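# Residue-level structural notes
Here are the chains, one letter per residue:
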Amino acid sequence: EKLEIKITEVEEKIEDLKQAISIGDRFRFQRELFGGNGEIMNKTITELNNATSLEKALEFISTNFSWNEKDDNVKDFLSLLERKFIN
């Protein structure tokens, strides 16, 4: 199953996901998306930061996680990811 992102509003480009995620979101994402595992989250963010395209980043997520794209936590995370790949 492929994750898809719909671009809704134009926001500022993100250079580094690690810096773009607020402390509150960091804890929320870690708890809700990474089973409370900060190490897995950090490795994933590093991997996504190094991805060459949004498509490759989404492919990585789809391969390694089974997130429900209707989940608000997933939507929030993916909208940050999307901003990393704005031209």
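Provided above is the structure to which this section pertains.
All of the points below concern the structure found in this document. (Residues numbered from 1 in each chain as written. Predicted model: local features only at pLDDT ≥ 70, side-chain atom pairs only at ≥ 80, totals over all residues. Heavy atoms only, no water.)

Moving on to helix 3 (residues 38-50). Compared with an ideal rise of 1.5 Å per residue, which puts 13 residues at 18 Å, helix 3 spans 18 Å between its outermost C-alpha atoms and is within 8% of the ideal. Within the sequence span of helix 3, burial applies to Gly38, Met41, Thr44, Ile45, Leu48 and Asn49. Projected down its long axis, helix 3 carries its buried residues within an arc of 135 degrees, all on one side. When the buried face of helix 3 is taken as reference, the exposed residues oriented beyond 90 degrees from it are Glu39, Lys43 and Asn50. The secondary structure elements touched by the buried residues of helix 3 are helix 1 (17-20), helix 2 (23-33), helix 4 (54-64) and helix 5 (72-84). (Helix = DSSP H or I, 4+ residues; strand = E, 2+ residues; numbered from the N terminus. Expected span 1.5 Å × (residues − 1). Buried < 20%, exposed > 50% of the residue type's maximum accessible area, 1.4 Å probe, protein only. Arc of directions from axis to C-beta. Contact = heavy atoms within 4.5 Å.)

With that settled, the discussion passes to the nonpolar core. Counting 22 residues, the largest nonpolar core has Ile61, Trp67, Phe77 and Leu81 as the members making the most contacts within it. At the level of secondary structure, the elements contributing two or more residues to this core comprise helix 2, helix 3, helix 4 and helix 5. When residues in this core are grouped by element, the largest group, 5 residues, is from helix 5. Sequence-distant contacts of Trp67, defined by excluding residues within four places in its chain, comprise Leu3, Leu33, Phe34, Ile61, Val74 and Phe77. (Core = buried A, V, L, I, M, F, W, Y, C linked by side-chain atoms within 4.5 Å.)

All told, the structure shown has 4 salt bridges when counted by the stated rule. The closest approach of N and O atoms between Asp76 and Arg28, which form a salt bridge, is 2.9 Å. Taken together, the positions of Asp76 in helix 5 and Arg28 in helix 2 put the pair 48 residues apart, joining distant regions of the chain. Residue Asp76 is classed as partly exposed on the basis of its relative accessible area of 31%. Overall, Arg28 belongs to the buried group, its relative accessible area being 18%. A salt bridge links Glu39 to Lys43; its shortest N-O distance comes to 3.2 Å. You can see Glu39 and its partner Lys43 sitting in helix 3, 4 residues apart, about one turn around the helix. Given the relative accessible area of 54%, Lys43 is considered exposed. Three or more residues are tied together by salt bridges with common partners; here these are Asp25, Arg28 and Asp76. (Salt bridge = Lys/Arg side-chain N within 4 Å of Asp/Glu carboxyl O.)

Any functional reading would require information beyond the geometric quantities listed.
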